[in-house]
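Results of the structural survey
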Amino acid sequence: MRKVAIAEACMTRFGKHEKTSLELFTEIGLTTINRAGLYPRDIQALFLGNCLGGFGEGQAHMAPFVHSAMGLPMSSPAMRFECACATATVAIRNAALLVGAGVYDIVLAGGVEKTTNLSTSLATRTFAMASHAQYETPVGITFPGVFAMAAHMYADKYNIPLIELKKHMAEVAVKNHYYGSKNLKAHFQKEITVNDVLSGIMVADPLQLLDCCPFSDGASAVLITTEEKAKKITKKPIYIAGMGQASAGGLYVQQDITKAMARKTASKQAYLEAGIKPSDIDVCELHDCFTIAEIIAIEALGFFKAGKGYDAATKRHTYIGGKVAINTSGGLKAKGHPIGATGAAQVTEIVEQLRDEAGKRQVEGAKIGFVDTMGGDFGTVCNIILTA
Amino acid sequence: MGKKKEIDDRFKKFGTKSFTLTSKVNDFIDYLEKEKVMGTKCKDCNINFFPPRADCASCLKSDLEWFDATNDTGELVTFSKMKYGPIGFEKDLPYTIALVDFGDYKIFGRIGKNIADKDIQIGMKMKVKVNKLDNDRINYIFEKI
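Description of the domain arrangement of chain B
Residue and element names in this part refer to chain B. On domain assignment, one finds that chain B holds domain 1 (10-68) and domain 2 (74-144). In this structure, domain 1 and domain 2 have C-alpha centres spaced 19 Å apart. Each side of the interface is counted separately: domain 1 has 16 residues, and domain 2 has 18 residues. Across the domain 1/domain 2 interface, buried area totals approximately 1500 Å², and carbon plus sulfur atoms make up 60% of it. Considering only the side of domain 1, the residues that lose the most area to domain 2 are Lys13, Thr16 and Phe50, jointly responsible for 39% of the buried surface there. Remark: the boundary between domain 1 and domain 2 carries 2 salt bridges. Here Lys13 and Asp136 are joined by a salt bridge, their closest N and O atoms 3.2 Å apart. Between the two partners, domain 1 and domain 2, sit 10 residue pairs in polar contact (both at pLDDT 80 or more). The biggest single contributor to the side of domain 1 that touches domain 2 is helix H1 (residues 27-33), with 3 residues.

Structural notes on unusual backbone geometry
Cis geometry marks the peptide bond from Asp205 of chain A to Pro206 of chain A; its omega dihedral reads 10°. Considering the arrangement of structural elements, one finds Pro206 of chain A in the loop between strand E5 (202-204) and strand E6 (207-208). Here the residue pair Phe50 of chain B and Pro51 of chain B is connected by a cis peptide bond, since its omega of 0° sits within 30 degrees of zero. Even without being glycine, Ala84 of chain A reaches a positive phi, approximately 50°. The phi dihedral of Asn159 of chain A falls on the positive side, at around 55°, and the residue is not glycine. You can see Asn159 of chain A is positioned in the loop between helix H6 (143-157) and helix H7 (162-180). Note on Asn159 of chain A: relative accessible area 70%, which makes it exposed.

What about the interface of chain B and chain A?
In this assembly, 38 residues from chain B lie in contact with 33 residues from chain A. Surface buried jointly by chain B and chain A totals about 3000 Å² across both partners, of which 67% is contributed by carbon and sulfur atoms. Sorting the residues of chain B by area buried against chain A places Phe19, Ile87 and Phe108 of chain B first, and these three jointly supply 20% of that buried surface. At the junction of chain B and chain A, the tally comes to 0 salt bridges. Summed over the shared surface of chain B and chain A, the number is 13 residue pairs in polar contact (both at pLDDT 80 or more). Counting only elements with at least two residues in the side of chain B that touches chain A, the list comes to strand E4 (74-82), strand E5 (95-101) and strand E6 (106-111) of chain B. The element that contributes the greatest number of residues to the side of chain B that touches chain A is E4 of chain B, accounting for 6 residues. For the side of chain B that touches chain A, the per-class residue count stands at 21 nonpolar, 10 polar and 7 charged.

Section: the side chain of Arg125 of chain A
With respect to the helices and strands, the residue Arg125 of chain A is situated in helix H5 (residues 120-128). Despite its burial, Arg125 of chain A pairs with no opposite charge, the nearest such side chain being Glu90 of chain B at 7.1 Å. Excluding its chain neighbours within four sequence positions, the residues that come into contact with Arg125 of chain A are Lys17, Phe19, Pro86, Ile87, Gly88 and Phe89 of chain B.

Each value, and the rule that gives it
- Residues numbered from 1 in each chain as written.
- Chains lettered and ligands numbered in written order.
- Predicted model: local features only at pLDDT ≥ 70, side-chain atom pairs only at ≥ 80, totals over all residues.
- Heavy atoms only, no water.
- Domains from an automatic or database assignment.
- Contact = heavy atoms within 4.5 Å.
- Buried area = accessible area lost by both parts, 1.4 Å probe.
- Salt bridge = Lys/Arg side-chain N within 4 Å of Asp/Glu carboxyl O.
- Polar contact = N/O pair within 3.5 Å; in protein donor to acceptor, adjacent residues only side chain to side chain.
- Helix = DSSP H or I, 4+ residues; strand = E, 2+ residues; numbered from the N terminus.
- Buried < 20%, exposed > 50% of the residue type's maximum accessible area, 1.4 Å probe, protein only.
- Nonpolar A, V, L, I, M, F, W, Y, C, P; charged D, E, K, R; others polar.
- Lys, Arg positive; Asp, Glu negative; His and termini not counted.

See below:
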């Protein structure tokens, strides 16, 4: 396998956009190509992540239309990837695999999503389509519900009073909104307090409104290429040191939803390939779709022992300057979660951090970064380790 | 004009809202109507599957038989009371979703509304039972033993 690098990575502001998904991705794709000093003719393939285009905009088969709008060569194929919330990370991983294998030299990968045009209940329905349609959907499953179940289970398993756990969960939201306030591209750029979280409306017991990430619009694109080409494109290439991806089925076949075995499996692959361990990671963007999701993830990724990560934000272990900086972009929680774009935006944050370009939220001297994206009810997990 | 072929769309009546019309395990619905919540068991491997499957991933054969889960006792793994639901579930709110472990298999469903919130405890013994819904629809719920 050839060494694979990221030459450029960009994201739109996340939030509400009055543009089509096609326009959103075209805009960020062209920005990425332009910033790299390249032209559309240089792109050999487009791997476009998108989940809800069919429901939200009546647009399936989005990739070839984006391809055309971007002026890519006919000989450069464009295709859509869909792995629920892990969509863009999976697109990037596949691009990296094919560049590594020598099939392509330059691939543009990323994703786009538009959800704010849907009502909350319709968006909830469309997101829930990433659950098992035959057996989970008819029950009335939602993702807040899935993670609420994980929170109850976590509290019981580690014998932590739920009221205590909720305070620590709220601290995760406080941290991620704090970093969101320093990110001009974040959906929410406002700091919040523990009391704000604990006084919000109940969504799915015990998750309240501010325990949950928002529905957002946005796009993000990443230029994947060889080490040789990346060095010509940029003074600061970022390298893909290791990757992993794992799959699991419905909730009823999973061993333990507080541990997310697919995440343990995927991250093990990534650590092994990179030849590093969790304590080597300087900065990590992980899947905090809900506050409890961050707690579960920091444990499964090996930063904290099982049952010991719940108070990491409270003790500031996951702030910059702590044990490992987690979600310095604001995470899904504050930066926003346009599902098909999320993984590429996580990669963009790590690229900025490793290039020392993250401004007010810079992790000083960051050299190794980790990306963790989870799709559905723990059905897909994709991890990427990046190095400067 | 030939006779229009009948579609076996029994699965469309499962739960509050079903996107599934037809399935290899359509008889699951017939059993629900007979007050039985049934999974499938591979005759060769003796593995229980719930929800029911038509193909065994262990021996790769499709020789499965039905077993009755209503006879089994499980333990509540976890739960959540939903205050917001997807579109189409508004009339059901609030409802409590849950995962119950029966040893060989787990079932995801709802806890019966007759159980008070304060009585719901992780680890409590539960059984699964057929539940009739409005408009000739049908599902299953978990009940305390």
